[in-house]
Amino acid sequence: MSQPTEFGAGRPVVLRGGTVLPMDGRRVLPGTDVFVAGDRISAVGPSLDVPEGTAEIDATGGIVMPGMIDTHRHMWQTALRGYGADWTLTQYFVWFYLEYGKLFRPEDVHAGNTLAAIEALDAGVTTVVDWSHGLRTPDHADAAADALQGVPGRYVLAYGNIQQPPAEWATAPEFRDFVRRRITGDDLLGFQIAFDVLGDPSFPEQPAFEVARDLGVTVTTHAGVWGATSDDGIRLMYEHGYMSPGTIYVHAASLSADSYHRIAATGGSISVSTESEQSAGQGYPPTWAIRSHGIPVSLSMDTSVWWSGDLFSAMRSTLGADRSREHLESHSKGDTVTHCALRADQVVDWATRGGAQAIGRDDLGTVEPGKKADLVLIKNDASPVSFPLLNPFGHVAFQAQRGDVHTVLVNGRVVKHEHRLVGIDLGAARAGIERTIEHLKGEMGEEAWEKGMNPDVPATKILDNPYTYTDYRSDATHRR
Ligand SMILES: [Zn+2]
């Protein structure tokens, strides 16, 4: 029996006997069933009675949690997975913004988005905000939307274009036309506008904010990015009245307390991309600072040009960065941290419910009757890491990984089961990516392609050492 038949359209599904994390606090429900009918979670409880014909999934030994939500990923860039592993932010800006981003054709955006969308489902990420800033023509935008609607996950297309000032593309008739044609209330395809506020005192981004307000859509913006966006951008947004509930501030890693106060007071949220902030240089991953401002947090991966599309990694690195900073600050004062402030359940919350709140979807992000059935079962009976399951939040944050994602449901539909994607054509996605790589390599030339991937390494000066080096190489005992 093939899997698509097994989980036929409309067939209810029950996940039996898992450890359920409802994400309504620190509650853990061991030995609990989750029953899904249509696109909703219908019941959560032990030994549920379910209708005849319900598909049963054995969740015993596993963890059932809400699908994870990534609130900022440049999905089109997944076509270049890993290419910029050794980049800084400066090298990224030069490559994408100045030199080669314009080489991406609509089919290349399609290829990247398709692969990123599939990757997300495979990793238990059921919703991704596609921070799509490569949309330099309406054809690119259609290609992005086509790709997202071609994969059975939930996406928010955050429309952007790094090749033009936002006041130009956002006010163009073609942009309005795209919104009218493509953003039609599909529950699986939301919409935002994505652009950055560079701090020019004349506030040239104002017309783009006006368009967003007129369309009733939220804005997502890279804020507090060292060398690019600063407190000035936040202040301009605030003074002109464009900091609204629903605004997502991405990174917010090099802002002053004053900017955090403005974000907190106006109801926005911060999308923290710890892996990105740690190696690209936007600023220190800010959770340690923004926790004390009470600003809602969600997690994101930013781009697979450098990093993974893996929110387990986001949870892990965010806990590590936050705790590192607390220890460091404390040691600098001669003190010792005796109790960790940031807990494992908090990062799991940020990866699920925090993302749902950031995108204004209170029907996502928890496992409760009536909520949309976007669910993940983490279970891997073949793995020595799957037991003992003593601390389920700690298990998700520090032990589990993508390969442990056993089953994924989006909108009640099983899209992954027994570690295999259901009804996904990975071969077609691979062929699309290969065509894109061939095109980019061909346009750039072999030398530029290689150079882009292998930036120069700055020299490290070995420090003068006051001690005499041991000449261990001439030591007879080492030579044998
Ligand atoms: Zn970004």
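Presented here is a report on the structure given in the accompanying data block.

About the thresholds
- Residues numbered from 1 in each chain as written.
- Predicted model: local features only at pLDDT ≥ 70, side-chain atom pairs only at ≥ 80, totals over all residues.
- Heavy atoms only, no water.
- Donors = N, O, S within 2.8 Å, 3.2 Å for Na, K, Ca; no water.
- Tetrahedral: all angles 85-135°; square planar, octahedral: opposite > 155°, others 65-115°.
- Helix = DSSP H or I, 4+ residues; strand = E, 2+ residues; numbered from the N terminus.
- Buried < 20%, exposed > 50% of the residue type's maximum accessible area, 1.4 Å probe, protein only.
- Pairing = 2+ DSSP bridges.
- Axes fitted to C-alpha atoms, helices over the stretch in contact; angles between N-to-C directions.
- Contact = heavy atoms within 4.5 Å.
- Phe/Tyr/Trp six-rings, centres within 6.5 Å; stacked < 30°, edge-to-face > 60°.
- Lys NZ or Arg CZ within 6 Å of the ring centre and 35° of its normal.
- Expected span 1.5 Å × (residues − 1).
- Polar contact = N/O pair within 3.5 Å; in protein donor to acceptor, adjacent residues only side chain to side chain.
- Right-handed = clockwise from strand over helix to strand, strands pointing away.

### Re the coordination of the zinc ion
Move 1: The protein atoms that coordinate the zinc ion are His 72 (NE2), His 74 (NE2), His 222 (NE2) and Asp 302 (OD), at distances of 2.1 to 2.5 Å.
Move 2: With 4 donor atoms in place around the zinc ion and angles of 80 to 173° between them, the coordination shape is irregular.
Move 3: Here the donor residues for the zinc ion map to a single chain with the spacing H-x1-H-x147-H-x79-D. With His 72 in strand β6 (residues 68-73) and Asp 302 in the loop between β13 (297-299) and α12 (311-332), this pair connects stretches of sequence that are 230 residues apart. As far as burial versus exposure is concerned, His 72 and Asp 302 are alike and both buried.

### Description of the sheet that holds β6
Move 1: With respect to topology, 8 strands assemble into an open sheet ordered β6-β7-β8-β9-β10-β11-β12-β13, the strand pairing being parallel. Two strands in the sheet have a free side with no partner beyond their single neighbour: β6 and β13. Neighbour-to-neighbour, the strand axes of the sheet open up by a mean angle of 25°, direction not taken into account.
Move 2: Here strand β9 (residues 189-194) runs beside strand β10 (residues 218-223); their pairing, made up of 3 bridges, is parallel. By the bridge assignment for β10, Ala 194 is matched with Thr 220.

### Overview of the environment of Gly 62
Move 1: Relative to the assigned elements, Gly 62 resides in the loop between β4 (55-58) and β5 (63-66).
Move 2: Here the alpha-carbon distance between Gly 62 and Gly 227, two residues 165 residues apart in the chain, equals 44 Å.
Move 3: When residues no more than four places from it in sequence are discounted, the contact partners of Gly 62 are Gly 18, Thr 19, Leu 377, Ile 378, Lys 379 and Leu 389.

### Points about the packing of aromatic side chains
Move 1: Overall, the coordinates contain 29 aromatic pairs when judged by the stated rule.
Move 2: The residue whose ring lies beneath Arg 262 is Tyr 238, and the NZ or CZ to ring-centre distance is 4.9 Å.
Move 3: The lysine or arginine in question, Arg 325, covers the ring of Tyr 284, its NZ or CZ lying 4.9 Å from the ring centre.

### Considerations on α12
Move 1: Compared with an ideal rise of 1.5 Å per residue, which puts 22 residues at 32 Å, α12 spans 31 Å between its outermost C-alpha atoms and is within 8% of the ideal.
Move 2: Within the sequence span of α12, burial applies to Leu 311, Phe 312, Ser 313, Ala 314, Met 315, Ser 317, Thr 318, Leu 319, Ala 321, Asp 322, Arg 325 and Ser 330.
Move 3: Between a side-chain oxygen at the N-terminus of α12 and the backbone nitrogen of Phe 312 the separation is 2.8 Å; the capping residue is Asp 310.

### Observations regarding the pairing of strand β8 (residues 154-159)
Move 1: For β8, a buried count of 6 out of 6 residues is recorded, marking the element as mostly surrounded by other parts of the structure.
Move 2: What you see with β8 is no split at all: Arg 154, Val 156 and Ala 158 on one side and Tyr 155, Leu 157 and Tyr 159 on the other are buried throughout.
Move 3: Two strands pair when backbone bridges link them, and strand β7 (residues 125-132) and β8 are joined in this way by 6 bridges, in the parallel orientation. When the sheet's bridge partners are listed, Ser 132 is paired in β8 with Tyr 159.
Move 4: As for the winding sense of the linkage, the β-α-β connection from β7 through helix α4 (residues 138-149) to β8 is right-handed.
Move 5: With 5 bridges joining them, β8 and β9 adopt parallel strand pairing. Residue pairing in the sheet places Ala 158 in a bridge with Gln 192 of β9.

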